[in-house]
Amino acid sequence: MIGRLRGTLAEKQPPHLILDLNGVGYEVEVPMTTLYRLPAVGEPVTLHTHLVVREDAHLLYGFAEKRDRELFRELIRLNGVGPKLALALMSGLEVDELVRCVQAQDTSVLVKIPGVGKKTAERLLVELKDRFKAWETMPSIATLVVEPRGTVAVSSAENDAVSALISLGFKPQEASRAVAAVQEEDLSSEDLIRRALKGMV
C-alpha cells in the first residue's frame with residue numbers, strides 16, 4: 001500500500017523516525033543499518049517502506065535500500081520471525097554479512113542477537129539457505145560513509161543509543177554497558193549505536 005516515502009527528516013529517535021511529507025508526519029521504524037545512512041534532521045530523505053497492518057495498529061518500516069526491504073520481507077515470512085526480530089537481525093548485521101552467515105551456516109553471530117537462541121539460529125539458517133541463492137549474485141550494498149552530524153549533547157546521544165538498543169531487545173544493563181564501553185566525546189547517537197552493536201554482535 002505504501003511502498004516509498006520521500007520527504008524531510010523531521011525527527012530522529014532511534015529506531016523511530018518522523019518523515020514530513022507536505023505537513024503530514026509519518027512515523028517510521030528503521031533498522032540501525034538504515035539509521036546510519038540517514039542525513040541530518042531537516043534534510044530530504046527517501047525510504048523504501050513496508051506496511052504491516054495489525055488489529056491495533058498500522059506500522060510502517062523503512063529502509064535505505066530496496067535490497068534491505070526485500071531482506072526484511074524474506075525474514076518476516078519465516079516461521080516465528082516477526083518485524084521486531086527481523087529489525088534486530090538487520091540492525092546487528094548488514095545484508096551481506098547475513099548472507100555470508102547463511103552461506104557458511106554459521107550460528108555464532110546470530111545467537112548474539114536478542115531473541116535468537118541456538119535452535120532458532122539453526123532453523124533460520126536452514127530456512128534461509130534456499131531463499132538466499134538468488135541473493136548471492138545481487139550487487140552488494142555500497143560501503144557506508146557516515147558523515148559528521150555536528151555536536152550532540154553526550155548525555156542525550158548516550159540516552160538515545162541506550163534506548164535504541166533496549167528497543168531491539170537488549171537488556172537495559174547490557175545496553176548501558178555496551179554504550180558506556182564505546183562512549184567518546186562528540187559521538188552522535190548513531191555512532192554510539194553502531195559501535196555498541198559491533199561490540200555486542
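Residues numbered from 1 in each chain as written. Predicted model: local features only at pLDDT ≥ 70, side-chain atom pairs only at ≥ 80, totals over all residues. Heavy atoms only, no water.

1. Some words on the overall build of the protein
Working step 1: Looking only at helices and strands, one finds eight helices and five strands in the protein.
Working step 2: Along its sequence from the N terminus, the protein presents helices and strands in the succession β-β-β-α-β-β-α-α-α-α-α-α-α.
Working step 3: Of all intrachain contacts in the protein linking residues separated by at least 6 positions in sequence, the fraction that spans at least 24 positions is 61%. (Helix = DSSP H or I, 4+ residues; strand = E, 2+ residues; numbered from the N terminus. Contact = heavy atoms within 4.5 Å.)

2. Focus: the pairing of strand β3 (residues 24-29)
Working step 1: In terms of strand pairing, strand β2 (residues 16-21) meets β3 through six bridges, oriented antiparallel. Along β3, the bridge assignment pairs L19 with Y26.
Working step 2: Here β2 folds back onto β3, and the loop between the two strands holds two residues, one of which, N22, carries a positive phi near 55 degrees.
Working step 3: Of the strand pairs in this sheet, β3 and strand β5 (residues 58-63) are connected by two bridges, and their pairing is parallel. Across the sheet, residue E29 finds its bridge partner in β5, namely Y61. (Pairing = 2+ DSSP bridges.)

3. Quick look at the sheet that holds β5
Consider a sheet: its strands pair through backbone hydrogen bonds, and that pairing is either parallel or antiparallel.
Working step 1: Here we have five strands rolled up into a closed barrel, ordered β1-β2-β3-β5-β4, and mixed in their pairing. Neighbour-to-neighbour, the strand axes of the sheet open up by a mean angle of 55 degrees, direction not taken into account.
Working step 2: Relative to strand β4 (residues 44-53), strand β1 (residues 4-13) runs antiparallel, the two being bridged by five bridges. The residue of β4 that forms the bridge with R4 is H48.
Working step 3: Together, β4 and β5 form the strand contacts of helix α2 (residues 66-77), whose direction differs from that of β4 by roughly 15 degrees.
Working step 4: Running over the sheet, helix α3 (residues 83-92) touches β3, β4 and β5 and is turned about 15 degrees from β5. (Axes fitted to C-alpha atoms, helices over the stretch in contact; angles between N-to-C directions.)

4. Overview of the UniProt feature "domain: Helix-hairpin-helix DNA-binding motif class" (unreviewed entry) in the protein
Working step 1: Here the UniProt feature "domain: Helix-hairpin-helix DNA-binding motif class" (unreviewed entry) sits at residues 73-92 and 108-127.
Working step 2: Helix makes up 75% of residues 73-92 and strand 0%, whereas the separation of the span's terminal C-alpha atoms amounts to 17 Å.
Working step 3: Helix makes up 50% of residues 108-127 and strand 0%. Its end C-alpha atoms lie 17 Å apart. (UniProt positions renumbered as here; feature names shortened; annotations may be inferred.)

5. Quick look at the side chain of S91
Working step 1: Residue position: S91 is located in helix α3.
Working step 2: Assessed through its relative accessible area of 3%, S91 is described here as buried.
Working step 3: Setting aside its immediate chain neighbours within four residues, S91 contacts P31, M32, T33, Y36, L168 and L197. (Buried < 20%, exposed > 50% of the residue type's maximum accessible area, 1.4 Å probe, protein only.)

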